[in-house]
Each structure stands twice: as structure tokens, then as C-alpha cells.
Amino acid sequence: MGHALIVEDDEDSGQMLASLVKREGHSAATASSLTSARRFLAMQPPDVLLLDLHLPDGNGLELFENADLISDTEVVLMTGQASLETSIQALRLGAADYLVKPINPQHLKSLLSRLIRPSKLQAEITHMTEQWRETGCFGPLIGASDSMQSVYRQIARVAATPVTVFIQGESGTGKELVARSVHELSRRREQPFLAINCGAISPHLIESEIFGHERGSFTGAERQHQGFFERAHGGTLFLDEVTEMPLNLQVKLLRVLENGTFMRVGSTQLQQTDTRIIAATNRDPADAVMRGALREDLLYRLNVFPLALPPLRERASDIPLLAEHFLEEMGREEQTSKRLTPEAIRHLQAYPWPGNVRELRNALQRAWVMAHGAQIDAEWLPRMPAGSPPAATVAAPSQAVQGGESGGPHLDIRIGTPLSEVERQLILATFEYCGQHKERTAALLGISMKTLYNRLKEYKL
């Protein structure tokens, strides 16, 4: 049970909100001006402050200037439109969330169900920071490099806000782990966290999976089906590989982000959802827009808080920590223990890891199986093809490959070559460079396995 202060200049709206708050078991007070709000804040600091922006004696945002009055209060802005500017403003000022007028009772109920004082959230972040300094782990994330420290700081900053997060990173860098960390540090932690890979679901089924469908809406739809947005209500929905989403669905996703509404397949009734979106891609989003794979307006709406994950080759100092963690996991499963030799650790740090952390774990699993005794040496660890550079740079053993000024091979493309031909040459060259290993090729190019299969099929391979 908490206490809410409602700052609203319309008396009827304020009383209606107070009634809704009390119905959920909380106490409530109303103020119609900034002056009155400051008096209430000084007398009884509330757990949540529902703050209208337009008040008779000023802008509601002026209360943020009185940091001592709202330092341990959840501030929720009430606005007439959920715009990108509102999201950025909420993040910058430290608001916990915002509600769109007219206030939806279900959204308010969902918000009140996840009340957590800022001091408690800060204590949890402080604890995780201390844990990272001692163990190199920030929740499920592992690494002590400068680049990972930057990731941890961004997670800690954005988790408690309502804004959309757009994670960018190569395949295998841990984008879903980052999304889960954001969810677990947010006020939505008690609600569902659901993940969907937009590139792994058939284009014919993905709309039904995301938005749900009505009975009889298509052949085989024998019952009503709740989609991910309904099942994740109040929580977080992670859209992995969002650039693989069909364009017609991107329009519908944009509508959800803008006004929180959608329709099931086969229905004309709008559904309301209170779901935080975290999206991710292993592609360059700007390039995806240029190729027509991603709507530009959707990119702007998703990219409120961009968070870039470094590839493993750029944080080789974290490899011993990661390797030790994976070997401990395997040891618990097998009820035995094995350790890497110093030579094996050096070998792991020199390898470019095009498949990133996922490839590292798989390589260690194989080495664990093949190693005799308690020591794992470099014998069964992955090796690059002879003469290849110790980094994940694109090269290919073909006549088109030339020595670059930097010393590493590159693919020579004539100016004016059509983009489709450039793509074909690059994919085929990388495919040969990776020894026709499809997963490594897809990881190195930053595309999904589905896309690679389609391209190879197109090229008659």
C-alpha cells in the first residue's frame, strides 16, 4: 500500500484519478497547482507523483527543480500524446513513466502494481556494481573491460525509465542477456519478459504470433489466440532481429509504439497494451533503412536509447573470465572440473571469434569433451585458416582478393558495381574464407542464418 499525489488542474479529472488509485488499495491526495503540490510534497512525500504538465501557475516539470522534494518519489508524467520527445524528456528528467490522457484505468492499475521507490532501485544497482567489481559479473553479463563497463552504466541508467531500448551488436554478443538485465532492474520485473526472434518465424505466422488472432480468422484458427503483446502486458517484450520483420508488420508495430494499441488478426476491435519494447539487431540499422528492410520512421521510434554491444574480439581481456564461467557451468553438470592451460588461454585471446560469446561457449564445450584429464590445452580449440589475419576482417581465397595497405587481405570491388553484385561477391568470398561454415559466415557478415541460406540458394550453392 502506497501514497499517491495527483497534480491535476482539472478538479473532476483529479478526483477521478484519486478514486482509481484508492480502488487499488492506495491512499491519494490531489493538488491543482505547483504551489499546492510543493506544500503536499513537503508534508507527506508520496510513493508516486502523477504530474500534469500544464498547470495554472507553471509547467509541471518545474517540480524537478526541487530535487529534495521528489528524490525518493516515482514521478509519472501525464501527457496528451506519447511522443518521442516525451520519452526523451522522461529519461532526461528521471521520470519513472508517463501516462497518456485520457488515462486508461488498466494502464494506471498496471503502473501502480509496480511501484518501487527510487532509493530501492538505486540500492540494487549499487549492489550489482559492487558485485561486478568483485567478480566481473553484472547480473548475467560477464566482463570487466572498459567497453563492458560502459554497457553496465547504460543499463543501470535506462532500466528504471520507460523508454524504448535499441540494442545493436553482432550475433552471439548477448543482446538478449542485456534485454533481460534491463527488465530485471526495471519496475516491470514482476511482470512477464517475453522474447521473439523476428527472423525465425514464418512471415505468414509472425503477425498472429505478435498480435494474436480471432477464431476463424484464417484456415486452422480454431480458437482465439493471444499474441506476445497481450501476454507481455505490464512487462517487457524483446524483439530480436527486428530488421527481419516484414514491412507490413513494421507499420503495425509503429502504431503500438505511438499509442499502445493494436488489433488481433481477424478483428476490428482495438486492444490496449502496456508493454515496454526492447528491440535488437545484428545489422547496421541505417543500412537496413537504405536497403528498404527497415522503415525509417520505425527506426526513429525504436532508437530512443541506442545501446551498442562490443564484439568479443574487441574485449579479449574478458575471455579468461568468460571461459572460467563456462567451464564452471560444465563442471557442475558433469560433476568434475577442468581448467585451461596458459597456452590455451593465449590461443583463445588471439582467435577473432566471428560468432562471439556463443561461439566461445560452443568451442569450450567441444574442447571439454575431447580433453583427457583435468587440463584443456590448445589442441582442440578452433584455428583460423592458414595465413588468415588474427581478427574478423573479411577476406577470401579468390582472384578478387588483394593485399591491403594495412597488411590484411580485402575484397577488391570496382567502382560502379551494382549493389546486388557487391553483395553476391562479398557473401561468396566470406563463405569461402570461413571454409564454407554457414554459422561463422552469417556471424561475420552480421546477417541471420535464414538470410544466408536464401542468398546461397539464390546463388545456386
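Quick note: structure is the one above.
Residues numbered from 1 in each chain as written. Predicted model: local features only at pLDDT ≥ 70, side-chain atom pairs only at ≥ 80, totals over all residues. Heavy atoms only, no water.

A. Spatial organisation of the pattern of salt bridges. Tallied over the entire structure, the rule returns 17 salt bridges. Of the charged contacts, one joins glutamate 176 and arginine 180 as a salt bridge, the two residues approaching to 3.3 Å between their closest N and O atoms. Taken together, the residues span about one helical turn, with glutamate 176 and arginine 180 both in helix α8 (residues 175-184) at a distance of four residues. Its relative accessible area of 32% is what places glutamate 176 among the partly exposed residues. Glutamate 244 is paired through a salt bridge with arginine 283; the nearest N and O atoms lie 3.1 Å apart. Remark: arginine 283 occurs in the loop between β15 (276-281) and α12 (285-290) and glutamate 244 occurs in the loop between β12 (236-240) and α11 (247-259); sequence separation between them is 39 residues. A cluster of three or more residues bridged by salt bridges with shared partners is formed by Glu8, Asp52 and Lys101. (Salt bridge = Lys/Arg side-chain N within 4 Å of Asp/Glu carboxyl O. Helix = DSSP H or I, 4+ residues; strand = E, 2+ residues; numbered from the N terminus. Buried < 20%, exposed > 50% of the residue type's maximum accessible area, 1.4 Å probe, protein only.)

B. Just empty space enclosed by the protein, in detail. Inspection of the entire model under this criterion finds two cavities of 30 Å³ or more. Looking at the largest cavity, its volume works out to about 110 Å³. Lining the largest cavity are 14 residues, with Ala96, Asp97, Arg114, Arg187 and Arg188 sitting closest to its centre. A class-by-class count of the residues in the lining of the largest cavity yields six nonpolar, two polar and six charged. (1 Å grid on protein atoms, 1.4 Å probe; cavity = no way out; pocket = protein on both sides within 12 Å on 5 of 7 lines; lining within 4 Å. Points joined across faces, edges and corners; volume = space filled by probe spheres on them. Nonpolar A, V, L, I, M, F, W, Y, C, P; charged D, E, K, R; others polar.)

C. The layout of surface pockets, seen in detail. Considered as a void within the structure, the largest pocket measures approximately 1,000 Å³ in volume. Ser171, Gly172, Gly355, Arg358 and Glu359 are, among the 43 residues lining the largest pocket, the residues nearest its centre. Looking at the lining of the largest pocket, the elements that each hand over two or more residues are β9 (141-142), α8, α14 (319-334), α16 (356-370), α18 (438-445) and α19 (449-458). Ranked by the residues each element gives to the lining of the largest pocket, the list is headed by α16, at seven residues. When its residues are assigned to classes, the lining of the largest pocket shows 17 nonpolar, 12 polar and 14 charged.

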